[in-house]
Amino acid sequence: MDPDADNITTLSEIEGLLRRFQFKEVLSDDTSSKTIWLLGIISTTTSADSAADEPVVAGHNAAIVVLERMAFSPLAIAKAGCTLPTLLDSVMLATGERNDVYAWATGDASIAALKPDLRIALTYPATQKHIDKHRHQLRKWVSETPELYARITKSFIDSQPTSRIQWVYNILSKQVESEHIVFEDPDPDSGFIIVPDLKWDATNTDNMYLVAIVHRRDLRSLRDLTRNHLSLLNNIRSKAAVAAQKYGVSSDQLRLYIHYQPSYYHLHVHITNVLLEGKGMLAGRAHLLDSVIDNISNIASDYYQRATIPYVLGSSDEL
């Protein structure tokens with residue numbers, strides 16, 4: 001069997017979906033990360049006029065396309081047998097202006113080492129939660145007391161269908177992404193899988209972004225953690241350093257954290273290079289793994305069941 005056959009089939013499927021994508025609106029954009037989120041539909045009709053009138057239906061035909069400009073990779077340039085100075089020789093300018101000592105221009109580098117220079121992510125069918133996550137919306141500060149968690153948040157988490165995290169189970173069972181596994185501890189209680197996050201291109205180590213997904217299915221968020229889970233958390237902390245070394249990133253260059261509220265309710269730990277900055281590391285969402293371990297080790301085993309946890313929530317978020 002051709003080892004590239006599955007990849008070719010996947011690419012063909014993605015290309016087919018993208019060609020049927022009908023743009024509806026810009027959900028948001030981020031100039032710092034050179035990323036834009038587009039909402040549309042995967043049209044069920046071949047008629048362009050009919051598709052233009054087809055409404056967006058979350059969970060059915062809704063689709064989110066993310067376009068992101070990829071970062072320069074000196075390693076890729078070096079592998080192509082050129083240097084950064086010679087890279088400038090390959091630039092073809094399209095427009096340009098100059099004002100006194102300042103000049104700016106647009107263009108493309110024809111060098112193969114920088115191709116492809118665009119990453120595309122597709123979510124289809126996109127649920128309303130997917131859409132709301134990326135849409136510009138009013139955000140509010142919430143102080144979640146243990147009482148609020150017990151009365152509102154826990155019941156909300158309990159109501160979430162397992163189908164929403166089937167993709168997580170697919171990774172854990174190695175039905176998908178098995179070739180991308182960086183590290184695995186198969187222990188059912190203290191084990192996990194470490195894989196590159198989909199947001200990382202797996203080349204620029206300054207932006208290294210891995211995620212550790214635990215095998216246990218009863219741990220859904222920070223609120224579930226107690227002293228009984230210290231072996232799991234310490235295991236992730238130590239093995240994250242082993243995984244990062246494969247990319248030349250040392251243990252003192254790592255930032256490990258847990259989101260609350262998380263994007264999905266299956267415990268996972270984010271592992272990034274400290275040079276990487278983004279909204280996911282902001283106060284009001286990211287809880288450093290070292291602090292989590294310290295809180296339940298030295299303050300109280302049930303610290304996260306007793307604590308008031310503040311976070312930012314979008315006004316159209318389901319919760």
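Residues numbered from 1 in each chain as written. Predicted model: local features only at pLDDT ≥ 70, side-chain atom pairs only at ≥ 80, totals over all residues. Heavy atoms only, no water.

Engineer: Just checking my understanding: could you explain the environment of S173 for this structure?
Structural biologist: Mapped onto the elements of the fold, S173 is located in the loop between helix 7 (166-172) and strand 8 (183-185). For S173 and H215, which are 42 residues apart along the polypeptide, the C-alpha to C-alpha distance reads 9.4 Å. A polar side-chain atom of S173 sits 3.3 Å from the main-chain carbonyl oxygen of N170. At a separation of 3.1 Å, a polar atom in the side chain of S173 contacts the side chain of Q175. (Helix = DSSP H or I, 4+ residues; strand = E, 2+ residues; numbered from the N terminus. Polar contact = N/O pair within 3.5 Å; in protein donor to acceptor, adjacent residues only side chain to side chain.)

Engineer: Before we go on, may I ask you to explain helix 8 (residues 230-245) in this structure?
Structural biologist: Residues spaced three or four apart along an α-helix point in a common direction, a consequence of the helix completing one turn every 3.6 residues. The terminal C-alpha atoms of helix 8 lie 23 Å apart, and with 16 residues this matches the ideal 22 Å at 1.5 Å per residue to within 8%. Looking at helix 8, one finds that the buried residues are L230, L232, L233, N235, I236, A240, A241, A243 and A244. (Expected span 1.5 Å × (residues − 1). Buried < 20%, exposed > 50% of the residue type's maximum accessible area, 1.4 Å probe, protein only.)

Engineer: It is not clear to me how the packing of helix 8 against helix 9 (residues 289-299) should be interpreted in this structure. Could you clarify?
Structural biologist: Any two packed helices are characterised by the angle at which their axes cross and by the distance between the axes. Running from N to C, helix 8 and helix 9 point in directions that differ by 155 degrees, and their axes come no closer than 11 Å. When the axes of helix 8 and helix 9 are compared, the pair comes out roughly antiparallel. Considering only the axes of helix 8 and helix 9, their crossing is left-handed. Of the residues in helix 9, those touching helix 8 at L230, L233, N234, I236 and R237 are L289, D290, V292, I293, I296 and S297. Among the residues making up the contact of helix 8 with helix 9, the classes are represented as 7 nonpolar, 2 polar and 2 charged. (Axes fitted to C-alpha atoms, helices over the stretch in contact; angles between N-to-C directions. Parallel < 35°, antiparallel > 145°, perpendicular 65-115°, else oblique. Left-handed = near helix turned anticlockwise from the far one by under 90°. Contact = heavy atoms within 4.5 Å. Nonpolar A, V, L, I, M, F, W, Y, C, P; charged D, E, K, R; others polar.)

Engineer: Would you mind showing me how to read the pattern of salt bridges here?
Structural biologist: If charged atoms from side chains of opposite charge come close, those side chains can pair. In total, this model carries 10 salt bridges according to the counting rule given. Where K154 meets D158, a salt bridge forms, and the shortest distance between an N and an O atom there is 3.1 Å. On the criterion of helical spacing, the pair formed by K154 and D158 is a turn pair, its members being 4 residues apart in helix 6 (residues 146-159). Residue D158 is classed as partly exposed on the basis of its relative accessible area, which comes to 41%. Put simply, K154, D158 and R220 are held in one network by salt bridges that share partners. (Salt bridge = Lys/Arg side-chain N within 4 Å of Asp/Glu carboxyl O.)

Engineer: Even after reading the chapter, I still don't get the nonpolar core, so can you show me in this structure?
Structural biologist: Burial of nonpolar side chains together is a common tendency in soluble globular proteins. If you look at the biggest cluster of nonpolar residues, it comprises 45 residues, and the most contacted ones within it are I194, L254 and I271. Those elements that place two or more of their residues in this core are helix 6, strand 9 (192-196), strand 10 (209-214), helix 8, strand 11 (254-259), strand 12 (268-273), helix 9 and strand 14 (309-314). Per element, the largest residue contribution to this core is 8 residues, and it comes from helix 8. Each residue touching I271, except ones within four places of it in the same chain, is listed here: I194, M208, Y209, L210, A212, A240, L254, R255 and L256. Within the second largest apolar cluster, 10 residues are counted, among which are I165, V168, I193 and V195. (Core = buried A, V, L, I, M, F, W, Y, C linked by side-chain atoms within 4.5 Å.)

Engineer: Even after reading the chapter, I still don't get the layout of surface pockets, so can you show me in this structure?
Structural biologist: Regions of empty space are outlined by a rolling probe, equal in size to a water molecule, passed over the atoms. Roughly 150 Å³ of internal volume is contained in the second largest pocket. As for the second largest pocket, its lining consists of R237, A241, S251, L254, R255, L256, L288, L289 and D290. Counting residues per element, the ones that place at least two in the lining of the second largest pocket are helix 8, strand 11 and helix 9. Of all the elements, strand 11 adds the most residues to the lining of the second largest pocket, at 3 residues. When the residues that make up the lining of the second largest pocket are grouped by side-chain class, the tally is 5 nonpolar, 1 polar and 3 charged. (1 Å grid on protein atoms, 1.4 Å probe; cavity = no way out; pocket = protein on both sides within 12 Å on 5 of 7 lines; lining within 4 Å. Points joined across faces, edges and corners; volume = space filled by probe spheres on them.)

Engineer: Help me understand the pairing of strand 1 (residues 21-30) in this model?
Structural biologist: Working note: regular strand, side chains alternate between the two faces of the sheet. One ladder, built from 8 bridges, connects strand 1 with strand 2 (residues 35-42); its direction is antiparallel. Considered in strand 2, the bridge of F21 is made with I42. In textbook terms, the turn of a hairpin is the stretch between consecutive antiparallel strands, and for strand 1 and strand 2 this stretch comprises 4 residues, one of which, K34, has a positive phi near 55 degrees. (Pairing = 2+ DSSP bridges.)

Engineer: Could you clarify how one ought to interpret the packing of aromatic side chains in this entry?
Structural biologist: Two numbers describe a pair of aromatic rings. These are the distance of the centres and the angle of the planes. Applying the stated criterion to the full structure yields 6 aromatic pairs. Between Y303 and Y304, the ring centres sit 4.8 Å apart and the planes meet at 75 degrees, which makes this aromatic pair edge-to-face. Of the residues examined, Y303 reaches a relative accessible area of 26% and is grouped as partly exposed. The ring centre of Y169 lies 3.7 Å from the NZ or CZ of R217, which sits over that ring. (Phe/Tyr/Trp six-rings, centres within 6.5 Å; stacked < 30°, edge-to-face > 60°. Lys NZ or Arg CZ within 6 Å of the ring centre and 35° of its normal.)

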